[in-house]
Amino acid sequence: MEEIHVLGKSSLKGSVSIQGSKNAALPMMAASLLHRGISVLKGCPAISDVFCMEEILRSLGAVTWWEDHDLYLDCTNAEKTEIPAFYTGRMRSSVTLLAPVLSRNKTCSIGYPGGCVIGKRPVDLHLMALRNLGVRILETQELLIAHCENMTGAEIIFPRSSVGATQQALLAAVLARGETVLINCAREPEIVWLCRYLRSMGAKIEGEGSSTVLVHGVKELGPGNFKVPPDRIVAGTYICAAAATGSEIELKGVLAEELGAFLEVYRKIGGQYEAKGGTLMVNGKGAVHPVELVETGVYPGFPTDLQSPLMAVLIGIPGRSTVRENIFEDRFQAAFQMKKMGAHIEIDGRDAVIEGSISLSGCVLQAKDLRGGAALIIAAMRASGETCIRGANFIRRGYEHICEDLEALGCEIWQT
């Protein structure tokens with residue numbers, strides 16, 4: 001089992017560059033199937049989730065290769081239509097392959113998607129969107145089997161905001177006949193970036209970033225050639241590391257406008273920052289104030305992916321803070337690990353009530369999910385002594401070089 005070891009009570013200093021976005025790159029990889037040729041994603045993060053998606057595309061007949069951090073995807077002969085559960089059980093976002101495979105090959109069978117265990121993450125809205133476009137779907141115990149000769153544009157009203165379902169609908173609609181209107185769709189930056197990537201391939205899309213998006217179907221798409229945007233969650237994680245250690249650091253390649261709700265909370269706890277172009281200067285020395293209530297929400301609300309990293313900061317701030325998780329009902333698993341370090345956290349339904357303490361001790365912890373694992377690293381940085389975090393494979397799903405980055409900033413951290 002892979003482990004990350006951290007020696008606490010260290011201060012950070014220096015600068016690091018932010019990797020490409022996991023949540024933007026994965027749907028772009030799926031979208032590349034919509035062109036029968038070579039597409040390239042520049043600055044793609046070399047992380048295990050991307051490698052998993054790459055494996056799936058190869059299993060469909062695509063040829064892929066890397067040139068430094070640029071990922072090339074030759075989908076000329078990606079004619080296979082079956083995606084086994086062996087692949088999809090490892091990563092939830094694999095379900096977005098349904099629409100691209102259907103669009104080019106008229107049929108697709110796919111295992112149910114997996115990923116981190118952070119609560120119920122049903123695919124009902126994905127299937128609803130595809131059915132509205134004319135797709136016939138059989139749901140068996142092990143597979144989703146879909147058929148459609150020609151998808152036809154329609155009005156799709158999402159009963160709740162869903163990033164994955166919005167991406168699925170977009171990937172289906174761009175080559176469907178006629179117009180598709182998506183209502184109450186997700187507004188996350190990753191949706192905007194997917195639309196920009198699809199538009200670079202020749203798709204006709206209007207309104208991305210709003211709750212209503214209009215797609216005019218086209219007959220074919222050209223090659224994609226696009227730079228993956230910086231990962232806002234990685235940036236937020238490193239800001240939390242600076243806050244937890246009372247440090248000043250510089251983050252290069254950050255889109256601060258995508259972190260509005262998070263930076264607002266960071267200011268409330270006393271953190272300071274200055275954005276200049278794509279660089280964010282972060283000063284966490286004043287991050288010593290508890291917050292009455294932080295609630296996660298769909299964008300532009302506080303991101304659920306940064307809830308655990310923020311909690312790792314709050315456990316060391318004297319006073320009471322409350323974190324309310326409104327997206328995933330089982331996303332407090334990291335809290336139970338932090339309690340082993342001496343953190344005072346009480347879970348009451350969707351609320352985590354934190355009585356901050358400056359006395360935390362290193363111990364052996366178990367990462368249960370991607371963001372929770374990163375949060376444990378942050379908690380370990382402010383604890384006394386050495387902390388061993390098992391299950392580092394979860395963290396590698398979304399962080400390309402978190403150990404190297406933090407070590408470059410002055411943290412004593414290593415992986416075994």
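Bear in mind that the values here come from a model prediction, so they are computed numbers and not experimental data. (Residues numbered from 1 in each chain as written. Predicted model: local features only at pLDDT ≥ 70, side-chain atom pairs only at ≥ 80, totals over all residues. Heavy atoms only, no water.)

Undergrad: Is there a simple way to think about the sheet that holds strand S10 (residues 155-157) in this case?
TA: Either a parallel or an antiparallel arrangement is found when strands of a sheet pair, and the pairing is made through backbone hydrogen bonds. Pairing is mixed across the open sheet formed by four strands, whose spatial order is S10-S11-S13-S12. Two strands close off the open sheet at either side, each with one partner strand: S10 and strand S12 (204-206). On average, each strand axis in the sheet is tilted by 15 degrees relative to the strand beside it, whichever way the strands run. (Pairing = 2+ DSSP bridges. Helix = DSSP H or I, 4+ residues; strand = E, 2+ residues; numbered from the N terminus. Axes fitted to C-alpha atoms, helices over the stretch in contact; angles between N-to-C directions.)

Undergrad: In this structure, what is going on with the pairing of strand S17 (residues 279-283)? I would like to understand it.
TA: Looking down a regular strand, the side chains alternate between one sheet face and the other. Note: strand S15 (residues 248-252) against S17, five bridges, orientation antiparallel. Counterpart to Lys252 in the pairing with S17 is Thr279. Relative to S17, strand S16 (residues 272-276) runs antiparallel, the two sharing five bridges. Across the sheet, the residue bridging to Ala275 is Leu280, located in S17. Where S16 folds back onto S17 in an antiparallel hairpin, the turn is made up of two residues, including Gly277, whose phi is positive at roughly 65 degrees.

Undergrad: Sorry if this is basic, but what is going on with the side chain of Ser321 here?
TA: Tracing the backbone through its elements, the reader meets Ser321 in strand S19 (residues 319-324). The class of Ser321 is buried, set by a relative accessible area of 0%. Looking at Ser321, its side chain comes within polar contact range of the main-chain nitrogen of Val291, at 3.0 Å. Here Ser321 is in contact with Pro290, Val291, Glu292, Leu314, Ala352, Val353 and Ile354, once residues within four sequence places are set aside. (Buried < 20%, exposed > 50% of the residue type's maximum accessible area, 1.4 Å probe, protein only. Polar contact = N/O pair within 3.5 Å; in protein donor to acceptor, adjacent residues only side chain to side chain. Contact = heavy atoms within 4.5 Å.)

Undergrad: What is the right way to read the side chain of Thr166 from this model?
TA: Relative to the elements of secondary structure, Thr166 occurs in helix H6 (residues 163-173). With sequence-adjacent residues up to four places away left out, Thr166 is seen in contact with Phe158, Leu182, Cys185, Ala186 and Ile191.

Undergrad: Help me understand the nonpolar core, please; the structure alone is not making it clear to me.
TA: Proteins that are soluble and globular tend to have nonpolar side chains buried together. Ranked by size, the top nonpolar core spans 75 residues in total, and within it Met29, Leu98, Phe158, Leu170 and Leu198 carry the most contacts. At seven residues, helix H1 (residues 22-31) tops the list of elements feeding residues into this core. Counting 73 residues, the second-largest nonpolar core is a separate cluster that includes Ala256, Ile315, Met338 and Cys363. (Core = buried A, V, L, I, M, F, W, Y, C linked by side-chain atoms within 4.5 Å.)

Undergrad: Which parts of the structure should I look at to understand the sheet that holds strand S8 (residues 136-139)?
TA: Pairing in this open sheet of four strands is mixed, and the strands run S6-S7-S9-S8 from one edge to the other. Each edge of the sheet is formed by a strand with only one pairing partner; in this case those strands are strand S6 (82-83) and S8. This element, helix H4 (residues 98-105), spans S6, strand S7 (107-111) and strand S9 (143-147) of the sheet and lies at about 155 degrees to S7. Helix-sheet contacts for helix H5 (residues 124-132) involve S8 and S9, and the interaxial angle to S8 is about 150 degrees.

Undergrad: Which parts of the structure should I look at to understand the packing of aromatic side chains?
TA: Each aromatic ring pair is summarised here by two numbers: the centre-to-centre distance and the angle between the ring planes. Taken as a whole and judged by the stated rule, the model has six aromatic pairs. Each ring, one from Tyr197 and one from Phe226, has its centre 5.8 Å from the other, and the planes form 70 degrees; the classification is edge-to-face. With a gap of 29 residues between them, Tyr197 in helix H7 (residues 189-200) and Phe226 in strand S14 (residues 225-227) connect regions that are remote in the sequence. As far as burial versus exposure is concerned, Tyr197 and Phe226 are alike and both buried. Through successive ring pairs, a cluster of aromatic residues spans Trp193, Tyr197 and Phe226. (Phe/Tyr/Trp six-rings, centres within 6.5 Å; stacked < 30°, edge-to-face > 60°.)

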